[in-house]
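Chain and residue survey
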Amino acid sequence: MKQIPNIITLLNLFFGCIAIVYILQPGLVPLYNADELTLTPDVTALGTQYVSIPQQMFMASLFIGLAAVVDFFDGFVARWMKAASPIGVQLDSLADVVSFGVAPSLIIYQFLRLSFAQHEDGLDASTLFLMPAFMVACAGAYRLARFNIDTAQTTYFKGVPIPANGLVIAAFPLIYWTNDYAIVTQILISPWFWYALIVILSWLMVSTRPMLALKFKGVTVQKFMPFIIIAAVAIISAFFIHWLAVPLSFLVYVILSLLHKQ
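Residues numbered from 1 in each chain as written. Predicted model: local features only at pLDDT ≥ 70, side-chain atom pairs only at ≥ 80, totals over all residues. Heavy atoms only, no water.

What follows concerns the nonpolar core. Counting residues in each nonpolar core, the largest one holds 58 residues, and the members touching the most others are Ile108, Phe111, Leu112, Leu188 and Trp194. The greatest single-element share of this core, amounting to twelve residues, is contributed by helix α3 (residues 86–117). When neighbours within four sequence positions are excluded, Leu112 is seen to be in contact with Phe129, Leu130, Ala133, Pro191, Trp194, Tyr195 and Ile198. (Core = buried A, V, L, I, M, F, W, Y, C linked by side-chain atoms within 4.5 Å. Buried < 20%, exposed > 50% of the residue type's maximum accessible area, 1.4 Å probe, protein only. Helix = DSSP H or I, 4+ residues; strand = E, 2+ residues; numbered from the N terminus. Contact = heavy atoms within 4.5 Å.)

Here it is as structure tokens:
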């Protein structure tokens, strides 16, 4: 019975592995002579090549989301069953680095491939231009290692938690295929957007700045207020901008964390 929390944690890792499979299959898909399609960028001209990310990335986003749900509840189950253990802590970090570090890095990797493929001879771009995607996984692993040896993070986090980072990246495939704004699509096929995102997210994770944490020790209305605001922003914005609500909510979380006195 004491292994149940660890099994739940391993389910997090299992979902992360499945997400990676969907991200890597089948890679970039070239479409030719697509007269009947009306996509952005325009592919209506005969003989135009359009290069897209596989639709399986939808499923990768789903499994990263499932991994986040499991990750949120495994700690509660361990405490409820009085089965918390050092091995559980280590398993949690190992699972997180795959589900919210490696898998999201591969999503960025595919988007960078898509970005370069928009240009002539873009498919022949050096892999060196794609390697920065894995800075996110490295920053996440560093943050988790630091968290495991830091006993001070009982009421707040130092740096953005890696699950939040993973979820915001996982939202971008959904944004890419469902948004109705051409400007958003153009941004998502720009390598400069992804390089900037890599730097920002990596810095937020390795930073030691105090960030809000949903801890239930000494619960007060004041402590819950930032999360109520974030939830309200997420729910309301989802009705108007759909999956764009995810990065917007993440931005609100970061701003409130920087403003909030820990």
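Text resumes after the structure shown.
This brings us to the pattern of salt bridges. This structure, assessed with the given rule, holds one salt bridge. Two residues, Lys158 and Asp150, come together in a salt bridge whose shortest N-O distance is 3.0 Å. Lys158 sits in the partly exposed class, given a relative accessible area of 22%. (Salt bridge = Lys/Arg side-chain N within 4 Å of Asp/Glu carboxyl O.)

A few words now on a nonpolar patch on the surface. Taken together, the side chains of Val69, Phe72, Phe73 and Leu214 present a nonpolar region at the surface, about 350 Å² in accessible area. Tracing the sequence through the fold places Phe72 in helix α2 (residues 57–80). (Patch = residues over 30% accessible without salt bridge, like charges linked within 9 Å, V, L, I, M, F, W, Y side chains within 5 Å. Areas by Shrake-Rupley, 256 points an atom, 1.4 Å probe, with all protein chains shown as cover.)

The topology assignment puts Arg143 in helix α4 (residues 135–149). Buried and unpaired, Arg143 has Asp96 as its nearest opposite-charge partner, separated by 7.7 Å. Beyond its immediate chain neighbours, meaning those up to four positions away, Arg143 contacts Gln153, Phe157, Lys158, Gly159, Val160, Pro161, Ile162 and Met205. (Lys, Arg positive; Asp, Glu negative; His and termini not counted.)

This part is about α2. An ideal rise of 1.5 Å per residue puts 34 Å on 24 residues; α2 measures up with 35 Å between its terminal C-alpha atoms. Of all the bends in α2, the largest measures some 25° and sits at Phe73. For α2, every residue scored as buried is listed here: Met57, Ala60, Ser61, Phe63, Ile64, Ala67, Ala68, Val70, Asp71, Asp74, Val77 and Ala78. Packed against the buried residues of α2 are α1 (4–24), α3 and α5 (162–178). (Expected span 1.5 Å × (residues − 1). Bend = angle between axes of the 7 residues up to and from the residue.)

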